[in-house]
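# Breakdown of the fold
Each chain, written out:
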Amino acid sequence: MTNVNAHTVAARLRGQIPLLVTAVLLVSMFGVGSAQYDGFFSGQVVLNLLIDNAFLLVVAVGMTFVVLTGGIDLSVGAMVALSTMVSAWLVEQHGWPPLLVIPLVLLMGTAGGWLMGWVIHVFEIQPFIVTLAGMFLARGLCYTISVDSISITDPQYTAMAQTRIPLGSVFVSPSAVIALLVVAAGFVVLHHTRLGRNVYALGGSEQSALLMGLPVQRTKTTVYAISGFCSALGGVLLTFYMLSGYGLHAVGLELDAIAAVVIGGTLLTGGSGYLLGTVLGVLVLGLIQTVISFQGTLSSWWTRIVIGALLFVFIVLQRLITARRR
């Protein structure tokens, strides 16, 4: 019995290695930036990471649910863009009130995600293919609305964009607060509800989940519905941030969300990962951009180069960990 317990503890510790590496990486980057650049070591710089990446954090929370089941959702970036376009189109060109538009957009995203999850399960099609089709569909719908950017001048959207919530000498935006609430809700669902346990079980082995009598179809459709909801909410937050709707908004955001989830320690094969790791992953991506902006002479494309290198390292680390488990 002692050997079994020791083996279980060792397996859990190995599973937490990527999370610990991400945390050390984040602290190290912040330390190096603080030593290198004046004004880098401040609470506002940290809060700016949340302010500037609130929409990405929300999308990454939904992506975490999907990846934990062993799936993938390539439609999230296009759904974010479609949400901005629908919001701008209804508010600016048709005069709909934001209090009606925002729930409609969230319902649209949730329904789209649920439909993709249903198709994946019922027809046993790879999530990559189904969500790729969803990506093209959502991005195409953006251009049926308008090929140009639609600016938003509605006072309620403008107020959300300009509001700052003071925290002593620093401040946060309402979007950052909403993103943190989404993280808290996601944490509770994943770690303290039956749905969360089913998500981890499904990611561990779908066949075993079926044999245990778990509601695989309901879990899978719910997970993709959550991802669709988070994508639509991320689109709402991006609308507040950009004050516009555009079909080219959030191009490549799905890759950023996947990168944040992987860097945060969630296994792409599913069944293992932490929502806290996703938060750290988003902060790492944001900190890379911040360091490059403080440096001033590097091209913004260096962000992609560094993220690519980190992804390579973390994928290799995941492979080593899963190989040890076997």
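How each quantity is defined
Residues numbered from 1 in each chain as written. Predicted model: local features only at pLDDT ≥ 70, side-chain atom pairs only at ≥ 80, totals over all residues. Heavy atoms only, no water. Helix = DSSP H or I, 4+ residues; strand = E, 2+ residues; numbered from the N terminus. Rg over C-alpha atoms; globule rule 2.2 N^0.38 Å. Buried < 20%, exposed > 50% of the residue type's maximum accessible area, 1.4 Å probe, protein only. Contact = heavy atoms within 4.5 Å. Axes fitted to C-alpha atoms, helices over the stretch in contact; angles between N-to-C directions. Parallel < 35°, antiparallel > 145°, perpendicular 65-115°, else oblique. Nonpolar A, V, L, I, M, F, W, Y, C, P; charged D, E, K, R; others polar. 1 Å grid on protein atoms, 1.4 Å probe; cavity = no way out; pocket = protein on both sides within 12 Å on 5 of 7 lines; lining within 4 Å. Points joined across faces, edges and corners; volume = space filled by probe spheres on them. Phe/Tyr/Trp six-rings, centres within 6.5 Å; stacked < 30°, edge-to-face > 60°. Expected span 1.5 Å × (residues − 1). Arc of directions from axis to C-beta. Left-handed = near helix turned anticlockwise from the far one by under 90°.

This part is about the overall build of the protein. A count of helical and extended segments in the protein gives 15 helices and four strands. For 326 residues, the compact-globule formula gives about 20 Å, and the C-alpha radius of gyration of the protein, at 20 Å, lands near that figure. Principal-axis analysis of the C-alpha atoms gives the protein an extent of 65 × 55 × 35 Å. Buried residues in the protein amount to 50% of all 326 residues. Taking contacts inside the protein between residues at least 6 apart in sequence as the whole, the part at least 24 apart equals 78%.

The subject of this paragraph is unusual backbone geometry. Of note, Glu 124 is a non-glycine position whose phi angle comes to about 50°, a positive value. Along the chain, the position of Glu 124 falls in the loop between helix H6 (98-122) and helix H7 (127-145). The phi dihedral of Leu 243 falls on the positive side, at around 50°, and the residue is not glycine. With a relative accessible area of 22%, Leu 243 lands in the partly exposed category.

To continue, consider the packing of helix H10 (residues 194-204) against helix H12 (residues 216-242). Two elements in contact, H10 and H12, have axes separated by 10 Å at closest approach and are oriented at 100°. Considering the angle they form, H10 stands roughly perpendicular to H12. Seen from H10, the contacting residues are Leu 195, Asn 198, Val 199 and Leu 202; seen from H12, they are Val 216, Thr 219, Lys 220, Thr 222, Val 223 and Ile 226. Looking at the contact of H10 with H12 residue by residue, the class counts come to six nonpolar, three polar and one charged.

Below, the discussion takes up the layout of surface pockets. The computed volume of the largest pocket comes to approximately 610 Å³. At the level of elements, helix H3 (43-52), helix H4 (54-68), H12, helix H13 (253-263), helix H14 (275-295) and helix H15 (301-325) are the ones that each hand at least two residues to the lining of the largest pocket. Tallying contributions element by element places H14 first for the lining of the largest pocket, with six residues. Taken together, the residues that form the lining of the largest pocket break down as 15 nonpolar, 10 polar and three charged.

In this section: the packing of aromatic side chains. Going through the model one piece at a time under the given rule, you end up with seven aromatic pairs. Where Tyr 37 meets Phe 40, the ring centres are 6.4 Å apart and the plane angle is 45°; that geometry is what we call tilted. A single burial state applies to Tyr 37 and to Phe 40, both of which are buried. Summarising the aromatic geometry, the rings of Trp 118 and Phe 123 are spaced 5.7 Å apart at their centres and angled 85° between planes, so their arrangement reads as edge-to-face. On the accessibility criterion, Trp 118 (29% relative accessible area) is partly exposed. Among the aromatic residues, ring-to-ring pairing joins Phe 30, Tyr 37, Phe 40 and Phe 294 into one connected group.

Attention now goes to H7. When the terminal C-alpha atoms of H7 are compared, their 27 Å separation across 19 residues agrees well with the 27 Å that a helix rising 1.5 Å per residue should span. When H7 is considered as a whole, its buried residues turn out to be Pro 127, Val 130, Thr 131, Gly 134, Met 135, Ala 138, Arg 139 and Cys 142. The buried side chains of H7 occupy one side of the element, clustering within an arc of 165° when seen end-on. Facing away from the buried surface of H7 by more than 90 degrees, the exposed residues are Phe 136, Leu 137 and Thr 144. If you follow the buried residues of H7, they end up packed against helix H5 (76-93), H6, H12 and H13.

A word on the environment of Trp 89. If you trace the backbone, Trp 89 turns up in helix H5. Distance from Trp 89 to Ser 146, taken between C-alpha atoms, is 8.5 Å for residues 57 residues apart in sequence. Once you skip the residues sitting within four places of it in the chain, Trp 89 turns out to touch His 94, Ile 145 and Ile 150.

The next subject is the packing of H13 against H14. Two elements in contact, H13 and H14, have axes separated by 7 Å at closest approach and are oriented at 120°. The orientation of H13 relative to H14 falls into the category oblique. Considering the relative orientation of H13 and H14, their crossing is right-handed. Contacts between H13 and H14 involve Asp 256, Ala 259, Ala 260, Val 261 and Ile 263 on the former and, on the latter, Gly 277, Thr 278, Gly 281, Val 282 and Leu 285. Looking at the contact of H13 with H14 residue by residue, the class counts come to six nonpolar, three polar and one charged.

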